[in-house]
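# Breakdown of the fold
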Amino acid sequence: MEKVMNLIKPKPDPKQILRDWQRKLRQECRNIERQIRDIQKEERTVQKAIKEAAKRNDMVSAKALAKEVVSARRTVNRLYENKAQMNSISMHLGESVAVARTVGHLSKSAEVMKLVNNLMKAPQMAATMQEFSKEMTKAGVIEEFVNEAIDNALDSEDMEEEIDEEVDKVLTAIAGETAAELPEAVRKERIKVPAQKASTSREEEAIAEGVDDEEELEEIRARLAKVRS
């Protein structure tokens, strides 16, 4: 019965399959663009918070926020790379149309397989590309493969040092700009060594302010994590 149904059921048009895949890829690219815009919008909020912290001379909070900026920018860079790879897949699929016209079916593509495999390693794209992989394997465009573990080629200490350098650059750029906007008298006051003695009321005020800053910092981190996921 199954053989009879296969004979009755028309074979899927290779060109239509390719068009469907390209349409899905374009949709994913639009999703990435929207995600990038959300992250960049949130980054502007974080930059504003860094300036506020710099005005209070709270460089601990400013540096913590600068790390969030660096993390957000790295995520955006990865998303741009994902988008570029998906555009490459779409381009290679478009080139496969001419071959499909000649042979009547979709042919295997080592380049598409390589790109799909790379995207499956990206956390933001893993689920989507897993589905693409199944469809393309079934259509004979790529071979079935086991997703490899992400290669952590960079040494963790080197990566940490690189991140610290980026954080310092962000902090210098934003906090430095903020310092330049402060009145001359305020800038001179901040250069002075803080007095060893401080009143009890001032200490209590600083502690209370620190609690508020920490709560704000956690809220910002949560919002950034949400738009990056």
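As recorded by an unreviewed UniProt entry, the chain carries the name Vacuolar protein sorting-associated protein 24 homolog 1-like and is attributed to Brassica carinata.

### Some words on the overall build of the chain
Each helix and strand counted, the chain has eight helices and zero strands in total. The buried share of the chain, taken over its 229 residues, is 32%. The long-range fraction of contacts in the chain, counting pairs at least 24 apart against all pairs at least 6 apart in sequence, stands at 82%.

### Section: the packing of helix α2 (residues 14-55) against helix α5 (residues 126-139)
Running from N to C, α2 and α5 cross one another at 170°; their axes reach a closest spacing of 12 Å. Classified by the angle their axes make, α2 and α5 are roughly antiparallel. Packed against α2, whose contacting residues are W21, K24, L25 and E28, the element α5 presents T128, F132, E135, M136 and A139 at the interface. A breakdown of the residues in the contact of α2 with α5 according to their chemical character gives five nonpolar, one polar and three charged.

### Some points on the nonpolar core
Here is a general trend for soluble globular proteins: nonpolar side chains tend to be buried in one another's company. Within the largest apolar cluster, 45 residues are counted, with the highest numbers of intra-cluster contacts made by I50, I89, V116, M129 and M136. Looking at this core, the elements that each hand over two or more residues are α2, α3 (59-103), α4 (110-120), α5, α6 (156-181) and α8 (200-228). Apart from the residues lying within four places of it in its own chain, the contact partners of M136 are W21, I89, L93, V112, V116, V141 and I142.

### Some details on unusual backbone geometry
With a phi angle near 65°, N57 is a residue other than glycine that sits in the positive phi range. By the element assignment, N57 lies in the loop between α2 and α3.

### Here's the deal with the packing of α4 against α5
One can describe the packing of α4 onto α5 by two numbers: an axis separation of 8 Å at closest approach and a directional angle of 150°. Classified by the angle their axes make, α4 and α5 are roughly antiparallel. Considering the relative orientation of α4 and α5, their crossing is left-handed. Together, V112, V116, L119 and M120 of α4 and A126, M129, Q130, S133 and M136 of α5 make up the contact between the two elements. Across the contact of α4 with α5, the residue classes tally to seven nonpolar, two polar and no charged.

### A word on the environment of V69
Here V69 is to be found in helix α3. Sequence separation between V69 and L224 is 155 residues; the distance between their C-alpha atoms is 9.2 Å. Not counting the four nearest positions on each side in its chain, V69 is found in contact with E43, V46, Q47, I50 and V170.

### Remarks on α5
With 14 residues, α5 extends 20 Å from end C-alpha to end C-alpha; this agrees with the ideal 20 Å at 1.5 Å per step. Every buried residue of α5 is listed here: M129, F132, S133 and M136. Projection of α5 onto a plane perpendicular to its axis shows the buried side chains occupying an angular sector of 110°, all on one side. Among the exposed residues of α5, those oriented more than 90 degrees off its buried face are A127, K134 and K138. One or two residues past the end of α5 sits G140, with phi positive at roughly 85°.

Cut-offs and rules
Residues numbered from 1 in each chain as written. Predicted model: local features only at pLDDT ≥ 70, side-chain atom pairs only at ≥ 80, totals over all residues. Heavy atoms only, no water. Helix = DSSP H or I, 4+ residues; strand = E, 2+ residues; numbered from the N terminus. Buried < 20%, exposed > 50% of the residue type's maximum accessible area, 1.4 Å probe, protein only. Contact = heavy atoms within 4.5 Å. Axes fitted to C-alpha atoms, helices over the stretch in contact; angles between N-to-C directions. Parallel < 35°, antiparallel > 145°, perpendicular 65-115°, else oblique. Nonpolar A, V, L, I, M, F, W, Y, C, P; charged D, E, K, R; others polar. Core = buried A, V, L, I, M, F, W, Y, C linked by side-chain atoms within 4.5 Å. Left-handed = near helix turned anticlockwise from the far one by under 90°. Expected span 1.5 Å × (residues − 1). Arc of directions from axis to C-beta.

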